[in-house]
Amino acid sequence: MSDLQRPNQGYDLVGDIHGHAGPLRRLLAELGYTEVEGIFRHPARQMIFVGDFIDRGPQQREVLRIARAMCEAGAAKAVLGNHEFNAIGWVAQNEDGDFLREHSPKNAHQHAEFLLQFKEGSAAHKEAISWFRSLPIWLDLPGLRVVHACWHEASRVDLMPLLDERGCITETAIRQSYRRGTAAHAAVEILLKGPEQRLPEGIHFFDKDGHKREEVRLRWWDDAATTFRSAALSMDGRENELPDSALPRDFRYAGNKPVFFGHYWLQGCPQLTARNAACLDFSVAKKGHLAAYRWSGETNLLNENLVSVAA
Ligand SMILES: [Mn+2]
């Protein structure tokens, strides 16, 4: 049966995998996908991956093999995660021959498992990068939206002229998006890493690692997140150190189309972040859960449609 003939009863959206092929296989089985000749398929549904296939986990090659085979067979779609964006920048160079993503000790550490498992510079490594380059930054489908970290109209508008007809970032755009101060850089930061807001002049806090922070990450999916204090993410109970004054920019998602994303390393048992915005990253790479949402056309998302497996 060809892709077009297959009855489509909906999409199964899957959160950040980070090289954990075991949980991915268990989740696929749980959702009724069966493997035939190396390709997992569902008789009536398609999978959508929200990105961050790589870094950290023990079986990054197997995760990519499974996801890529599904995408190429029409059994799945995927968007680009910040870790795949980083992987592209690790090998891509600017006009002067410098790597777009600095090969600093911190960046090298974050990417080390990937480079080890794929053997840096090998044919497998190059093939992985070229697949990452073929992933769109977002998907705006009838009835639902998918992006790795944040759905943000102004950033989409800024990036659109720099995307090809598939929605993938072009060579020129990749270079621009690594240049601080450009609209492309700001847009990619928000779409793939989520919005941040600088605190008012003179105000800072110390994060749980003791680092001085002058900006906060924002719960853009939360309708009540209108002040620094109510909108800040990962404050670990120190929200009261932040001012309760209004945020200068509003990143909240007001769309009626549900948006699915990952990125935020949420803890605990998977549950909905909002009725129109579902984060699916429940930290499988930190002994949490690999989560999926079974979407069948509804506008108001429901907790009962979340399916997950423990790491
Ligand atoms: Mn991630």
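Just so it is clear, the model here is predicted, and its values are computed rather than measured. (Residues numbered from 1 in each chain as written. Predicted model: local features only at pLDDT ≥ 70, side-chain atom pairs only at ≥ 80, totals over all residues. Heavy atoms only, no water.)

Here we look at the domain arrangement of the chain
Frequently, the measure chosen for interface size is the accessible area removed from exposure when the parts meet.
Here is step 1 of the chain: Here the chain is partitioned into domain 1 (10-150 + 255-310) and domain 2 (196-250).
Here is step 2 of the chain: Each of domain 1 and domain 2 has a C-alpha centre, and the two are 27 Å apart.
Here is step 3 of the chain: The interface is formed by 9 residues belonging to domain 1 together with 5 residues belonging to domain 2.
Here is step 4 of the chain: Summing the contributions of domain 1 and of domain 2, the shared interface buries around 620 Å²; its carbon and sulfur component is 74%.
Here is step 5 of the chain: Of all residues in domain 1, C150, Y264 and T273 give up the largest surface area on contact with domain 2, accounting jointly for 56% of the area buried on that side.
Here is step 6 of the chain: Along the contact surface separating domain 1 from domain 2 lie 0 salt bridges. (Domains from an automatic or database assignment. Contact = heavy atoms within 4.5 Å. Buried area = accessible area lost by both parts, 1.4 Å probe. Salt bridge = Lys/Arg side-chain N within 4 Å of Asp/Glu carboxyl O.)

Here we look at the pattern of salt bridges
Here is step 1 of the chain: On inspection of all chains with the given rule, the structure shows 23 salt bridges.
Here is step 2 of the chain: As a salt-bridge pair, R145 and D140 come within 3.1 Å of each other at their nearest N and O atoms.
Here is step 3 of the chain: A salt bridge links R213 to D207; its shortest N-O distance comes to 3.7 Å.
Here is step 4 of the chain: With a relative accessible area of 24%, R213 lands in the partly exposed category.
Here is step 5 of the chain: Among the charged side chains, a salt-bridge network with shared partners connects D140, R145, E153, R156 and K257. (Buried < 20%, exposed > 50% of the residue type's maximum accessible area, 1.4 Å probe, protein only.)

Digging into the sheet that holds strand β6 (residues 138-141)
Within a sheet, neighbouring strands are paired by backbone hydrogen bonds and run either parallel or antiparallel to one another.
Here is step 1 of the chain: Here 4 strands make up an open sheet; going across it, the order is β6-β7-β12-β13 and the pairing mixed. Each end of this open sheet is capped by a strand with a single partner; those strands are β6 and β13 (277-279). The average undirected angle you get between the axes of adjacent strands in this sheet is 15°.
Here is step 2 of the chain: Inspection of the sheet shows strand β12 (residues 259-261) paired to β13 by 3 bridges, in the parallel sense. Paired with F261 across the bridge in β13 is C279. (Pairing = 2+ DSSP bridges. Helix = DSSP H or I, 4+ residues; strand = E, 2+ residues; numbered from the N terminus. Axes fitted to C-alpha atoms, helices over the stretch in contact; angles between N-to-C directions.)

Some points on the packing of helix α2 (residues 60-72) against helix α5 (residues 123-133)
Here is step 1 of the chain: For the pair α2 and α5, interaxial distance at closest approach is 12 Å and the crossing angle is 45°. Between α2 and α5, the crossing angle belongs to the class labelled oblique. The chirality of how α2 crosses α5 is left-handed. Counting all contacts with α2, which are made through R61, L64, A67, R68, C71 and E72, the residues of α5 involved are A124, E127, A128, W131 and F132.
Here is step 2 of the chain: A breakdown of the residues in the contact of α2 with α5 according to their chemical character gives 7 nonpolar, no polar and 4 charged. (Parallel < 35°, antiparallel > 145°, perpendicular 65-115°, else oblique. Left-handed = near helix turned anticlockwise from the far one by under 90°. Nonpolar A, V, L, I, M, F, W, Y, C, P; charged D, E, K, R; others polar.)

Some thoughts on helix α1 (residues 21-30)
For the α-helix, the turn length of 3.6 residues means that residues three or four positions removed from each other point alike.
Here is step 1 of the chain: Taken residue by residue, α1 has A21, P23, L24, L27 and L28 as its buried positions. For α1, the angular spread of buried residues about the axis comes to 160°, placing them on one side. Set apart from the buried face of α1 by more than 90 degrees, the exposed residues are A29 and E30.
Here is step 2 of the chain: In this structure, the buried side of α1 is in contact with β1 (10-14), β3 (39-41), β4 (45-49), α2, β15 (289-295) and β16 (306-310).
Here is step 3 of the chain: A positive phi of about 85° marks G32, the residue just after α1. (Arc of directions from axis to C-beta.)

What to know about the pairing of β15
Here is step 1 of the chain: Of all 7 residues that make up β15, 5 are buried, and the element is covered over most of its length.
Here is step 2 of the chain: Two strands pair when backbone bridges link them, and β1 and β15 are joined in this way by 4 bridges, in the antiparallel orientation. Of the residues in β15, the one forming a bridge with L13 is Y293.
Here is step 3 of the chain: Two elements, strand β14 (residues 281-282) and β15, share 2 bridges in a ladder whose sense is antiparallel. If you follow D281 over to β15, its bridge partner there is L290.

What to know about the nonpolar core
Here is step 1 of the chain: With 86 residues, the main nonpolar core has F49, F53, M70, F132, L159 and W220 as its most contacted residues.
Here is step 2 of the chain: Counting contributing residues, this core receives three or more from each of domain 1 (10-150 + 255-310) and domain 2 (196-250).
Here is step 3 of the chain: The contacts of M70, once residues within four sequence positions are left out, are L28, Y33, I39, F40, M47, F49, A75 and A76.
Here is step 4 of the chain: Grouped together as the second largest cluster of nonpolar side chains are 17 residues, V79, L141, W295 and L306 included. (Core = buried A, V, L, I, M, F, W, Y, C linked by side-chain atoms within 4.5 Å.)

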